[in-house]
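Okay, here's what each chain looks like letter by letter:
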Amino acid sequence: MLSIQSGRARSGGRRLPLASFVNCLAAACSLAGQTAQGAESPSQVEITGSRLGTLGSEGSSPVRVVTREELQRSGTATLREWLDNLPSNGGGSSDIGGSASFAAGASGASLRNMGKQATLILLNGRRVAPYPLADYNEVFTNLDSLPFEAIERIEILQIGGAALYGSDAIAGVIHIITRSDYQGVQGHASAQRSLTSGRFGNASASLTAGFALPGTQGGRGMANVSLYQRDALMWRDVLERVRPEAAELAGAFGSRSTYSWPGNLIGVGPLPGCAPENLANGLCMYDRYTRFQVIPAAQRANAFLTGHLPLGNGREGFAELLISRTRTQYLNAMQSYGLAIGSTTWGNPSTGLAQTFYYRGLPATHPLNPTGEDDAELRYRFIDGPNQSEAATTQYRALTGVRGPVTLRGTKFDGELALGMMGGRSRTTERGAFSYSGFHEVIGNDDPNQVDPLFFQRGYKLGQTNDPAVLARLFPTYGYRGEVRQVFVDGRLSGHIGRTAAGPVGAVMGVDVRHERSSMLPSAALSSGDVVGYGSVSSQGQRWVGAAFGELSVPLATGLQGEAAARLDKHGNIAAHLSPKLALRYTPAPHWLLRATVEGGFRAPNLNETSTATKSAFEGVSDPKRCPQAGILADDLRAQAAALPSNSADNTLLLARADNITNSECGAAVASIVTFNPALKPETSRSANLGLVFAPNADWRLAIDTWAIERRNEIGLKSASELIGTEEAQAPGTVNRLPLTNDRTFSPAEMAKYGVAAGAIGSIVGRFENQFRTRNKGTDLSASTRLITPAGPLALKFDATYQSDYRMWNAERGNWGDNLSGRSGYPRWRLANSATLSTGAFEHSLRATTTGGTSLQGDFYNPNFTPEDCAKKEFTPSECRTAGYTRYDYGLNVTARKGMLFSAQLFNVFNTRVPIAVASWLSGGGILPPTSEDAKGRMLRLSMEVSWP
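This text gives an overview of the structure that appears in the document. (Residues numbered from 1 in each chain as written. Predicted model: local features only at pLDDT ≥ 70, side-chain atom pairs only at ≥ 80, totals over all residues. Heavy atoms only, no water.)

Describing unusual backbone geometry
Cis rather than trans, the peptide bond between Trp 261 and Pro 262 has omega equal to 10 degrees. Looking at where Pro 262 falls in the secondary structure, it is placed in the loop between α5 (246-249) and β13 (264-265). The linkage connecting Trp 948 with the following residue, Pro 949, adopts the cis geometry, with an omega of -5 degrees. Structurally, Pro 949 can be placed in the segment after β47 (939-948). Non-glycine residue Asn 124 carries a positive phi angle of around 55 degrees. For Asn 124, the location among the structural elements is in the loop between β5 (119-123) and β6 (126-127). Note on Asn 124: relative accessible area 18%, which makes it buried. Although it is not a glycine, Glu 874 sits at a positive phi angle of roughly 65 degrees. Mapped onto the secondary structure, Glu 874 falls in the loop between α14 (867-872) and β44 (881-882). Glu 874 sits in the exposed class, given a relative accessible area of 72%. (Helix = DSSP H or I, 4+ residues; strand = E, 2+ residues; numbered from the N terminus. Buried < 20%, exposed > 50% of the residue type's maximum accessible area, 1.4 Å probe, protein only.)

In structure tokens form, the structure reads like this:
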């Protein structure tokens, strides 16, 4: 690892007159980046990106160093929240939106928008066990299990690092270094809430203690215990905080549902027992927003313990223990039932085929159906049934080792040897979906083509109090159990092995060996395909992983240093892979640095991707052969509703059918059946970086780095949208459509009127393959300065990432897809600016975080939201894009007395609303806002930190 000189930033700096200072702020002084290094100190800290011990604050690879003070100044409560504001991080995941994920209850990072598996997370120089539940096929580190309050600093290697760290470091490395030399006791507590709604609450507390190890001479230890709790929140509680024009933009926004309890029989009216306050337009209505969740509840606990024991002769023993417990609880909408829903299709893992559950009407034989007609349309809500899920995980890492001087054949090295074990267990439990067999048992046959005179006259009674045993049969408990365990040993030697005319040659060599074992097993209800709408994932595997690596630092001339590194990795039965790296670091003058890095990277197929199992799931798609026609039909239905009196029951029914049609054809869930491929090869990558650093003194710094990453042999599955968009080019059996007979969306007359010639999609069948590529290019710009003003020292920082090119390879076309930079999900610009002013006991911070605007248009195969599609749907260009957005945050730290710090963080100072893409919202039905940030508004976080002595 590259070693730099550490120490506090100098309190000095160039003094500016007030007028010059104001002019500077108005012009270029807003450019600010990393904290300038302070006065030199003989102590050193390691920087991610090299394992060599050379002096200098800048290495051959771009590394973003974040101090503990910067983390505290940001006011964020969790590691994921802080990473969300990092310009180079994009496309990660959060446990907040994980209720439908296979890896519910976890958060992951994604540098350069390359995915969670392309970002390696290190804790004190070593890997962390992955989350026990894979996100479909993605294996990643759960950020929520790491000890945020114990962090000393974070180092982000913003280019590939596989030559040093092995698999998964394709897009970069996030290295978390914890506090080790702290002495004393420190307590911290904080709480956050929205000033706009009084909601969105969370709280945290931690206790850190640094102490001498009893019975030892010079032994020291550090312990940290952290707690975090987040409140649950439903949309009904904050619906009035959403932008005022929402109801005008989306007619369905805020509306109640005709799928209610005790139910409605269309053409007849509400079933007996509807509360008077729920009656509207001749029907019984249900407030669905009471079960639409904005934020799930979460509880987390982390315990971290580290110790160092002098062994004599310059050697020391060390040990670490990390234990975390996370739990996230999700509430979901109660199950609805009605003929207009049509059907639900999922992949049945027991058969490997698509299975369909049909919704039918109430038969004429039912006593609540007075029409005398079979299959009268019933709309019902199972409010007596449960619908919630919980993800609970315990993770751990324990290691011990020794480090110190080693002499081999007369040459002195610094050596380190460690062994340990890490892993975790996760369990998800969920209820809310129908049991296919249970539905048949307590309600009846779902096939409307088969006569069932006892439908809804068995164990379950409409609109009545039902036996808990009946509800348990109808709504089973299902979920997953995941476990991962790794045992490892690693060692390394570093030192000087010779000299050139320009200086000593540094070298490092090392080995890593570990055994991996993981399993992810579904419950019986999932593995049998009995849960309506739910597929499953099942995998078990184990393997040995071994690696040997080496790195050289060779002074080539005065100011010119070359670095070369290579790592050979072997994962189980997968062929060995060599990752090379070449780098140059040139200082033509004391204040200038030129750097360049070229590196090969890889990601070995994980155990979930190579297991002999099948994933059966569902994926939301927009059908290009039916969605346009469905949109026109929905518009016609809404026009018919507009022509009727607002209190007409037909008005409500027409609008409800329009929503159902849009959801069925423009966002329907289709069965996705994926087979594994044990012959997968490792993904490979080539990354390059060219940078310039200018630092005229310790208080000014400017860095520009241009980077490029191309990943090949990428393991992936073609998205449903891509397969459907190139349907004619796919092999038979890939996209499977249902017959047009008994179509659930269009009547025969509507098929003829709107030109519907293709049946609804029933299933999509694919497999993981090594045929994808991703190409990513961009530029990072960081700058910083420290000034002395009449009010006190002022630190200015600027960080920006400009993503100029992001493309994905298309095998059918044999070429790259469109440049997605500037399109949905891939903003070109992400910036983070800050200004920190210290005035005595007060420290003021103003931060601005900017995300560039994006259009809604996807890749070439996706016909939605192209300029032509938007014009056809009568959306303006501004409605078919998400505008750029800047959020301003203010922080105040007050040192009341020695050892006591009070902080206040005001997020979104100007209460600026997050932009929304109107076309995307309305095309999705307009029922829910596309982001919770709109309702969150201005937030306040208060914290207190007390230290002893």
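Notes on the packing of aromatic side chains
Applying the stated criterion across every chain yields a total of 35 aromatic pairs. Aromatic pair Tyr 136 and Phe 768: ring centres 6.2 Å apart, planes at 55 degrees, arrangement tilted. Placement of the pair is Tyr 136 in the loop between β6 and β7 (151-157) and Phe 768 in the loop between β37 (761-767) and β38 (769-789), with a sequence separation of 632 residues. Among the residues examined, Tyr 136 registers a relative accessible area of 16% and is labelled buried. Taking relative accessible area as the criterion, Phe 768 reaches 1% and is therefore assigned buried. On the numbers, 4.9 Å between centres and 90 degrees between planes, the contact of Tyr 380 with Phe 382 is edge-to-face. Pair check on accessibility: Tyr 380 and Phe 382 agree, each one buried. Above the plane of the ring of Trp 707 lies Arg 112, whose end atom (NZ or CZ) is 3.9 Å from the centre. For Arg 775, the ring lying beneath its charged end belongs to Trp 816, and the centroid distance is 4.6 Å. (Phe/Tyr/Trp six-rings, centres within 6.5 Å; stacked < 30°, edge-to-face > 60°. Lys NZ or Arg CZ within 6 Å of the ring centre and 35° of its normal.)

With respect to the sheet that holds strand β20 (residues 336-338)
Read across the open sheet, the four strands follow the order β14-β13-β23-β20; overall the sheet is antiparallel. Among the strands making up the open sheet, the edge pair consists of β14 (269-270) and β20. Pairing of β13 with β14, which is carried by two bridges, proceeds in the antiparallel orientation. Considered in β14, the bridge of Asn 264 is made with Pro 270. (Pairing = 2+ DSSP bridges.)

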